[in-house]
Every structure is written in C-alpha cells, then in structure tokens.
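# Structure assessment
Now for the letters of each chain:
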Amino acid sequence: MKGESDRIEGKIVDILGSGTYLIYVFIAVILLILAALSLLDAVTGFGVMLAGSKEAGMMDALHAVLLTIIIIEILETVTGYLRTHTIQIRPILIAGITAMVRRLLFFDTEPLTALLLGEVVLAIIAVLILTIAIVYMGKDEK
C-alpha cells in the first residue's frame, strides 16, 4: 500500500512539474517577444534622432536599449532555470544594475528637488550594492 501511494504522489509531482515547465516556456516566449518589440522601439528612437530631434531620439533609443537589456537578462534567468532547474542570480543582479543605471540616466530630465536627490542617492547605493554582490558571487564561483 505504501509503495502504491508513493507512486501516485510521484506521478502527481511529475504532472505539476510539467505544468510549471510549460508556464516557464510560455513566460520565455513572452519575454522574447517583449525584447524584440523593445529593440524595435530602440530602432524607432534612432530614426527619430536621424530625422532631426537628436536629443529626444537619443534618449528614447537609449531608454529602449536599456529596457531590452533588462528583458534579456530576465529571459536569461528563465531559460537558465529551464536548462538547469535552478534559479541563476547573476542575470537578476545585472538586470537590477541596468534598471538603476537607466533610472539614473533619466534623472537629469526632471527638475532637481530634495526628494529627487534622495532618489538619486538611493539609486547609486543600489548600484553599488548590486555590483558588490556580483563581485562577491564571482569570487565565490572561483
């Protein structure tokens, strides 16, 4: 009786695992589409820049390129999980750094206030912490 219940539990776990795998594959496909659309947005921003609005086009293109990098790093986390069945932390940290740098680049487009200055300081601290985490992980892997 015990062997039969263990076998049934094993089948249930296998079915749930397959469902989870399919969900991760679906998420990967969505992220791939989002990355392609974001890259297309970057090309459009580049086109705006060439058409005459250099600063606005450049900022739009840079904004879209950095967003594309963030999406690709998240996609790398998902595909890494599909390959190894473990969550890879490094792509998540890289996406975090990219997001913070992206935010820092666009602070100059807003009027400087005390609240904004606080956000800048917090973003810089976040970049430093994430960078230290990546360096620490690199030492841990060697």
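Given the structure is predicted, the values throughout are model-derived calculations rather than measurements. (Residues numbered from 1 in each chain as written. Predicted model: local features only at pLDDT ≥ 70, side-chain atom pairs only at ≥ 80, totals over all residues. Heavy atoms only, no water.)

### Focus on the overall build of the chain
Check the secondary structure of the chain and you find 4 helices and 0 strands. When the elements of the chain are put in sequence order from the N terminus, they spell out α-α-α-α. Since a compact globule built from 142 residues should have a radius of gyration of about 14 Å, the 21 Å found for the chain marks it as more spread out than a globular shape. Taking the principal axes of its C-alpha atoms as reference, the chain extends roughly 75 × 35 × 30 Å. The buried share among the 142 residues of the chain stands at 26%. Contacts in the chain between residues at least 24 apart in sequence constitute 60% of all its contacts with a sequence separation of at least 6. (Helix = DSSP H or I, 4+ residues; strand = E, 2+ residues; numbered from the N terminus. Rg over C-alpha atoms; globule rule 2.2 N^0.38 Å. Buried < 20%, exposed > 50% of the residue type's maximum accessible area, 1.4 Å probe, protein only. Contact = heavy atoms within 4.5 Å.)

### What to know about a nonpolar patch on the surface
A surface patch of nonpolar side chains, amounting to about 1000 Å² of accessible area, comprises Tyr21, Leu22, Val25, Phe26, Val29, Ile30, Ile33, Leu34, Leu37, Leu40 and Val43. Structurally, Val29 is set in helix α1 (residues 2–51). (Patch = residues over 30% accessible without salt bridge, like charges linked within 9 Å, V, L, I, M, F, W, Y side chains within 5 Å. Areas by Shrake-Rupley, 256 points an atom, 1.4 Å probe, with all protein chains shown as cover. Salt bridge = Lys/Arg side-chain N within 4 Å of Asp/Glu carboxyl O.)

### Description of the pattern of salt bridges
In total, this model carries 2 salt bridges according to the counting rule given. One salt bridge in this structure joins Arg83 and Glu76, with 3.0 Å as the shortest N-O distance. What makes Arg83 exposed here is its relative accessible area of 55%. Measuring nitrogen to oxygen at the nearest pair gives 3.0 Å for the salt bridge that ties Arg103 to Glu119. One end of the pair, Arg103, is in helix α3 (residues 90–105); the other, Glu119, is in helix α4 (residues 114–141), and 16 residues separate them in sequence.

### Focus on the packing of helix α2 (residues 54–84) against α3
Here α2 crosses α3 at 165 degrees, and the two axes come no closer than 8 Å. With respect to α3, the axis of α2 lies roughly antiparallel. Classified by chirality, the crossing of α3 by α2 is left-handed. Of the residues in α3, those touching α2 at Met59, Leu62, His63, Leu66, Leu67, Ile69, Ile70, Glu73, Ile74, Glu76 and Thr77 are Pro91, Ile92, Ile94, Ala95, Thr98, Ala99, Arg102 and Leu105. (Axes fitted to C-alpha atoms, helices over the stretch in contact; angles between N-to-C directions. Parallel < 35°, antiparallel > 145°, perpendicular 65-115°, else oblique. Left-handed = near helix turned anticlockwise from the far one by under 90°.)

### Let's talk about the nonpolar core
Ranked by size, the top nonpolar core spans 7 residues in total: Ala28, Leu31, Ala35, Ile71, Leu75, Val78 and Leu82. With 4 residues, the top contributor of residues to this core is α2. Core analysis: the next-biggest nonpolar cluster, separate from the first, contains 5 residues, Leu93, Ile97, Leu130 and Ile134 among them. (Core = buried A, V, L, I, M, F, W, Y, C linked by side-chain atoms within 4.5 Å.)

### Remarks on α3
Spanning 16 residues, α3 covers 22 Å between terminal C-alpha atoms, matching the ideal 22 Å at 1.5 Å per step. For α3, the set of buried residues is Pro91, Leu93, Ala95, Ile97, Thr98 and Arg102. (Expected span 1.5 Å × (residues − 1).)

### So, the side chain of Arg102
In this fold, Arg102 is placed in helix α3. No salt bridge is formed by the buried Arg102; its nearest oppositely charged neighbour, Asp41, is found at 7.8 Å. The contact partners of Arg102, leaving out residues within four places of it in the chain, are His63, Leu66, Leu67 and Ile70. (Lys, Arg positive; Asp, Glu negative; His and termini not counted.)

Function-wise, these values are silent; they only describe arrangement.
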